[in-house]
Protein chains: 2
Amino acid sequence: METIAENQKVRTVKKIEKMFGHIDYKNPPELCPVRDVMSVASDQWSVLILLWLGYFPVLRFNKLKKYVYGISNKVLSQRLKVLEADGYIERKAYPEVPIRVEYSLTEFGQSYVEKLLELTEWMHDNSPKVMANREKYGLF
Amino acid sequence: METIAENQKVRTVKKIEKMFGHIDYKNPPELCPVRDVMSVASDQWSVLILLWLGYFPVLRFNKLKKYVYGISNKVLSQRLKVLEADGYIERKAYPEVPIRVEYSLTEFGQSYVEKLLELTEWMHDNSPKVMANREKYGLF
DNA sequence: AGCAATAGTTTCCATTGATATACTTAGTTT
DNA sequence: AAACTAAGTATATCAATGGAAACTATTGCT
């Protein structure tokens, strides 16, 4: 028990070292690639957009807006642009009337969603624990 | 190739269904446990705090502020409170003068950091790809 | 008395983000 | 001819967030 947990901690430290060791933490945040990429990919709305696109093969603007409940036109279109620029999603416009635009995950986006899902799965599984902690903490 | 990717997509859809299937997406966002837990645990500053606490066994306020470069007193103390309330970190105050306060990961926090690291590792490995995409996109 | 150190808190201001509404394009329906 | 469609854009207003700097508390040191 003890040693397994200890080993895991050592592995964690090594991973962090490998990732951030060569980066000076005093650099401006936008020079840290992890901070930079994360600022797009783990933004609250972006995560929801990506998950819904992981669920449906393609979604159009207004459908997305329906599922990503609470998002505004402006923010949705902003986020879609950035996600497209970073290569997570693809935008296909059909010049019909009225115009039809379909959004879908790229292979790259798909691979990210798979990683992301491991995290959201953890959250799903552990949210009761978090709620319990929160309640305990609130008692004083 | 095709079938492996297809299988993976099917698995993704099933995971999402399992996680969100019983939740009405039209609920207010704070009623979705995943959104709720994520809003704390994947906040930009919180992630950095947790990673540094995964690297050092304990850290005091001012050390943390040094490593989590760019964070303000206010936000750091806010985030620490929330992370403590949710059970990720532990706060130990020693009534010396001047007071000493040590922050560290709980076992729960440690397990989260391990999950989180898989994601940041992905970002670390894929940030060149994202940069390349971004540049390509910027060219028109 | 005044300063240093730690771990914050408080206050004010600026930037960001969000909401709501109207507008666009162009062809089809009423 | 007005209305409706889709996928946004544009604009104005409002709320929430974030950062900077000053402030607090306590006690020992000079």
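For clarity, every value in this text was computed on a predicted model and none was experimentally measured.

Chemist: Teacher, can you tell me more about the overall build of chain A here?
Modeler: The helix and strand tally for chain A stands at 6 helices and 3 strands. Mapped from its N terminus to its C terminus, chain A presents α and β elements in the order α-α-α-β-α-α-β-β-α. For chain A, whose C-alpha radius of gyration is 19 Å, the value lies well above the compact-globule estimate of 14 Å for 140 residues. A principal-axis box enclosing the C-alpha atoms of chain A has dimensions of 65 × 40 × 30 Å. Relative to its full complement of 140 residues, chain A shows a buried share of 28%. Residue pairs at least 24 apart in sequence account for 44% of intrachain contacts in chain A once pairs closer than 6 positions are excluded.

Chemist: Explain the protein's contact with DNA strand D here, please?
Modeler: Surrounding DNA strand D, one finds 17 residues, the nearest of these being Arg60, Ser77, Pro98 and Val101 of chain A together with Val97 of chain B. Elements supplying a minimum of two residues to the surface near DNA strand D: helix H4 (61–67), helix H5 (73–85) and strand S3 (100–105) of chain A together with helix H5 (73–85) of chain B. Class assignment of the residues belonging to the surface near DNA strand D gives a composition of 7 nonpolar, 6 polar and 4 charged.

Chemist: What's the story with the interface of chain B and chain A in this structure? I'm lost.
Modeler: Frequently, the measure chosen for interface size is the accessible area that the parts lose on association. Across the boundary between the two partners, chain B contributes 46 residues, which contact 46 residues of chain A. Where the side of chain B that touches chain A is concerned, the elements lending two or more residues are helix H1 (2–20), helix H2 (33–41), helix H3 (44–55) and helix H6 (107–138) of chain B. Among the elements that take part in the side of chain B that touches chain A, H6 of chain B stands out by supplying 19 residues, more than any other.

Chemist: When you look at the packing of H3 of chain B against H6 of chain B in this model, what are you seeing that I'm missing?
Modeler: Two packed helices can be described by the angle between their axes and the distance between those axes. All names here are of chain B. As a packed pair, H3 and H6 sit with axes 10 Å apart at the nearest point and diverge in direction by 105°. By the angle class used here, H3 and H6 are roughly perpendicular. Contacts between H3 and H6 involve Val47, Leu50, Leu51 and Gly54 from the former and Gly109, Tyr112, Val113 and Leu116 from the latter.

Chemist: Sorry, what's going on with the relation of the copies chain B and chain A here?
Modeler: Copy one and copy two of the chain differ by a rotation about an axis and a translation along that axis. For these two chains of identical sequence, chain B goes onto chain A by a turn of 180° and a shift of 0.0 Å along the axis, with RMSD 0.1 Å. Overall, the copies show the geometry of a two-fold rotation axis. Every residue of chain B has its C-alpha some distance from the rotation axis, and the shortest such distance is that of Ser42 of chain B, at 3.5 Å. In this assembly the copies share their binding face: 100% of the residues contributing to the interface of chain B also contribute to that of chain A.

Chemist: Looking at this model, I keep getting lost on the protein's contact with DNA strand C. Mind explaining?
Modeler: Taken together, 17 residues lie near DNA strand C, and Arg60, Asn73, Ser77, Pro98 and Val101 of chain B sit nearest. Residue assignment for the surface near DNA strand C shows that the elements contributing at least two residues are H5 of chain A together with helix H4 (61–67), H5 and strand S3 (100–105) of chain B. Counted by class, the surface near DNA strand C contains 7 nonpolar, 6 polar and 4 charged residues.

Chemist: Is there a simple way to think about the pairing of S3 of chain A in this case?
Modeler: A regular strand carries its side chains on alternate faces of the sheet. Residue and element names in this part refer to chain A. As paired elements, strand S1 (residues 59–60) and S3 share 2 bridges and run antiparallel to each other. Bridge pairing links Leu59 to Tyr103 in S3. Bridge analysis of strand S2 (residues 89–94) against S3 gives 6 bridges, and the strand direction is antiparallel. Pairing of Lys92 across the sheet is with Glu102, part of S3.

Chemist: Sorry, what's going on with the packing of helix H2 (residues 33–41) of chain A against H6 of chain B here?
Modeler: As a packed pair, H2 of chain A and H6 of chain B sit with axes 9 Å apart at the nearest point and diverge in direction by 90°. Relative to H6 of chain B, the element H2 of chain A is oriented roughly perpendicular. Contact residues: H2 of chain A offers Pro33, Val34, Val37, Met38 and Ala41 of chain A, while H6 of chain B offers Thr120, Met123, His124, Ser127 and Val130 of chain B. Here the residues of the contact of H2 of chain A with H6 of chain B are counted per class, giving 7 nonpolar, 3 polar and no charged.

Chemist: So what exactly am I meant to see when it comes to helix H6 (residues 107–138) of chain A here?
Modeler: One turn of the α-helix equals 3.6 residues, which is why residues spaced by three or four share an orientation. Residues and elements named next belong to chain A. With 32 residues, H6 should cover 46 Å at 1.5 Å per step; its first-to-last C-alpha distance of 44 Å lies within 8% of that length. If you look at H6, its biggest bend is around 55°, right at Asn126, and the proline Pro128 turns up within four residues after that. What H6 keeps buried is the set Gly109, Tyr112, Val113, Leu116, Leu119, Thr120, Met123, His124, Asn126 and Val130.

So, how was this worked out
Residues numbered from 1 in each chain as written. Chains lettered and ligands numbered in written order. Predicted model: local features only at pLDDT ≥ 70, side-chain atom pairs only at ≥ 80, totals over all residues. Helix = DSSP H or I, 4+ residues; strand = E, 2+ residues; numbered from the N terminus. Rg over C-alpha atoms; globule rule 2.2 N^0.38 Å. Buried ≥ 20, exposed ≤ 12 C-beta atoms within 10 Å, placed from the backbone. Contact = placed C-beta atoms within 7 Å. Near = placed C-beta within 6 Å. Nonpolar A, V, L, I, M, F, W, Y, C, P; charged D, E, K, R; others polar. Axes fitted to C-alpha atoms, helices over the stretch in contact; angles between N-to-C directions. Parallel < 35°, antiparallel > 145°, perpendicular 65-115°, else oblique. Least-squares fit on C-alpha atoms with pLDDT ≥ 70 in both. Pairing = 2+ DSSP bridges. Expected span 1.5 Å × (residues − 1). Bend = angle between axes of the 7 residues up to and from the residue.

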